[in-house]
Amino acid sequence: MWDVRSKMTPAFASAEGGLFSSVEKADVGDSYQTLAENGVALMGWADPFMPDRSMPPVVENAWLDAVRAESAPHYTAPIGNPSLKRAIARKLSRINGLEVDPQRNILITPGSDSGLYFALLPFVNPGDEVLIPSPSYPNNTLDVRIMGGMPVPVELDPARGYELDIDALEQKTTPRTKAVVLTHPNNPTTTVYSRNALEQLAQFVCRHDLILVVDQAFEDFTFDNEMVTPASLPGMFERTVTVFSFSKGMGLSGLRVGYIVCDDHIMDALYANAVAVIGATSTSAQAAVLAALEHPEFMKEFEAAYDRRRHIACRILNSVPGVHMDMPQSGFLGWIDVSDLGDSSDIVAYLVEHTGVSVNDGANYGPGGEGHLRVVLGVYRSDEHVEDALTRMADALRTYPAERRRP
Ligand SMILES: Cc1ncc(COP(=O)(O)O)c(C=O)c1O
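Cut-offs used in this document
- Residues numbered from 1 in each chain as written.
- Predicted model: local features only at pLDDT ≥ 70, side-chain atom pairs only at ≥ 80, totals over all residues.
- Heavy atoms only, no water.
- Domains from an automatic or database assignment.
- Contact = heavy atoms within 4.5 Å.
- Salt bridge = Lys/Arg side-chain N within 4 Å of Asp/Glu carboxyl O.
- Helix = DSSP H or I, 4+ residues; strand = E, 2+ residues; numbered from the N terminus.
- Buried < 20%, exposed > 50% of the residue type's maximum accessible area, 1.4 Å probe, protein only.
- Expected span 1.5 Å × (residues − 1).
- Arc of directions from axis to C-beta.
- Core = buried A, V, L, I, M, F, W, Y, C linked by side-chain atoms within 4.5 Å.

What about the domain arrangement of the chain?
Annotation of the chain at the domain level lists domain 1 (4–53 + 298–404) and domain 2 (57–294). A C-alpha centroid distance of 24 Å is found between domain 1 and domain 2. Every contact between the two is made by 28 residues of domain 1 and, on the other side, 32 residues of domain 2. Here domain 1 and domain 2 share 1 salt bridge between them. A salt bridge links E60 to R53, with the shortest nitrogen-to-oxygen separation between them at 2.0 Å.

Written as structure tokens, this is what we have:
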């Protein structure tokens, strides 16, 4: 048989997790649908209130109006709705401490995954090393690999709440180090990095003349923690590319809108290649997220639900011997240490089979992830539904069979 993979770049030739993978993945094939049809509680898909309704009427109406307008089937010209960019600039000033020119410093992207890829693309030459505090969002690693770069995980210490460790970053720095990618707040650990740690990171990045790419998809609900935008720290705007999303905080993932914010000199190069690499964003979806930005009150209800659920999850899961969950610092994820019980991949499989609850294996989030489960607490509208799934999970973990347990 013709070996078409031999024609591919090394990253694609060695890629796993596609059609022929034996690993069941929700985003490839029909495993997600099969689980849903079998009544499994899907707590591994980081999408607010999925599969229930999440769109507030004010956004829905704006979207419907935009769909009926003549402009709906056309490209937005210029790329990026100018009113949306102005609203984003106001939000960046109000919330992120960034004063930007809407037409020069903001690029609207079809979701932030493509934004994250595009943010890294100008900087990663084959062989360049990119430091990735770990565990973190798997796409950070994948993106760097696709570009021929070398992802360098820097393991964070759970005993320090997964706070940034500048000494560990220093130890992994070489003459080939080009950039740091930071998911802040972090997915999966929910860590909101402290101002002090981010200031040290900024000094480290400047000292080694690096680029910082920050993914702030989860910036919206940080509970009692201060959310500092690293690009707002002195000297950082010119070397930081920040990626934002409407998917998580606003629960509008299906609209596929995100945005990149950076200095003019970086943006100049991005704009020159934007249409070729990421294409355009839906015209009507941009109108809908503009309404969400102008009327963000609905997010208060989201935050209250996530706050309730993080307390519920800690109460239920921490009652199980050998299981530990720190109070989530942000968002709607839970990060659970099951390392005393057994292998996390095995536990994930066991939970689907015996309790009908699907969660994520921490091993997928890089070094430091094994022995953990990621649970999405923000799914479903009803707290009871989530509480019921967590209780079933806890019961199964409490009676996890001796022969599967870690000796
Ligand atoms: C940390 C993080 N960043 C970015 C994304 C991508 O989100 P979207 O492309 O929907 O904006 C996700 C989605 O799961 C995520 O968890």
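From this point, the discussion proceeds with the structure in view.
Some details on the environment of G356
Residue placement: G356 occurs in the loop between helix 13 (344–355) and strand 11 (357–358). The exposure class assigned to G356 is buried, which follows from its relative accessible area of 14%. Considering only alpha carbons, one finds G356 and G39, 317 residues apart in sequence, at a separation of 7.1 Å. With sequence-adjacent residues up to four places away left out, G356 is seen in contact with G39, V40, A41, L351 and R392.

Some thoughts on helix 9 (residues 195–207)
Counted at 1.5 Å a residue, the expected span for helix 9 with its 13 residues is 18 Å, and the 18 Å between its end C-alpha atoms agrees. Considered for burial, the residues of helix 9 that qualify are A197, L198, L201, A202, F204 and V205. The buried residues of helix 9 all sit within an arc of 165 degrees when viewed along its axis, so they share a single face. Along helix 9, the residues that are exposed and aim more than 90 degrees away from the buried face are N196 and R207. Buried residues in helix 9 make contact with strand 3 (129–134), helix 8 (166–171), strand 5 (177–183) and strand 6 (211–215). One or two residues past the end of helix 9 sits D209, with phi positive at roughly 55 degrees.

Overview of the nonpolar core
With 76 residues, the main nonpolar core has M43, L390 and M393 as its most contacted residues. The greatest single-element share of this core, amounting to 10 residues, is contributed by helix 12 (residues 298–317). Core analysis: the second largest hydrophobic core is formed by 26 residues, A168, L169, L212 and V228 among them.

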